[in-house]
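# Observations on the model geometry
So the chains spell out like this:
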Amino acid sequence: QVQLVEAGGGLVQAGDSLRLSCAASGLTFSNYHMGWFRQAPGKERAFVAAINWSGSNTLYTDSVKGRFTISRDNAENTVSLQMNSLKPEDTAVYYCAATFLRTRDLADNNRYNYWGRGTQVTVSS
């Protein structure tokens, strides 16, 4: 049984940093590309960042480039999202997701096969 469990969310002020982590189990982690998505109240789930199976390639949505960094540790079966210079518009539930190696468009949430339950990030102004 595949499980993705996010951790690290919380309430912070604008300009602060948070580090989200996602622990994967029940799958061969290095056989999956990984992504982070977020869903703000009243909005659809949106792509944030993705990393390929080896960690050699990353992809970010424009609004987080230069502020967020995605990384993975295949030995520990974890993927992380370092979030710096947080803004109120970053407030959302953040989800970790896994997709098969054959997936090409890592920004498409419909391509992801497994999802975590999410962790809340709230940024106050």
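This section reports on the structure supplied with the text.

So, how was this worked out
- Residues numbered from 1 in each chain as written.
- Predicted model: local features only at pLDDT ≥ 70, side-chain atom pairs only at ≥ 80, totals over all residues.
- Heavy atoms only, no water.
- Phe/Tyr/Trp six-rings, centres within 6.5 Å; stacked < 30°, edge-to-face > 60°.
- Helix = DSSP H or I, 4+ residues; strand = E, 2+ residues; numbered from the N terminus.
- Buried < 20%, exposed > 50% of the residue type's maximum accessible area, 1.4 Å probe, protein only.
- Core = buried A, V, L, I, M, F, W, Y, C linked by side-chain atoms within 4.5 Å.
- Contact = heavy atoms within 4.5 Å.

### Thoughts on the packing of aromatic side chains
A complete count under the given rule lists seven aromatic pairs for this structure. An angle of 65° between the planes, with centres 6.0 Å apart, marks the rings of Tyr-32 and Tyr-114 as edge-to-face. With Tyr-32 in strand β4 (residues 32-39) and Tyr-114 in strand β10 (residues 114-115), the pair connects residues that are 82 residues apart, well separated along the chain. Residue class for Tyr-32 comes out buried when judged on its relative accessible area of 10%. For Tyr-114, a relative accessible area of 28% puts it in the partly exposed group. On the basis of an interplanar angle of 80° and a centroid distance of 4.9 Å, the ring pair of Phe-37 and Tyr-112 is categorised as edge-to-face.

### Describing the nonpolar core
Generally speaking, nonpolar side chains in soluble globular proteins are found buried as a group. If you look at the biggest cluster of nonpolar residues, it comprises 28 residues, and the most contacted ones within it are Met-34, Trp-36, Val-79, Leu-81, Met-83 and Tyr-94. Leaving out residues up to four positions away in the same chain, Met-83 has contacts with Asp-16, Ser-17, Leu-18, Leu-20, Arg-67, Phe-68, Tyr-94 and Val-121. Judged by nonpolar contacts, the second largest core, of six residues, contains Phe-37, Phe-47, Ala-97 and Leu-106.

Interpretation note: all reported values are geometric properties and have no functional meaning in isolation.
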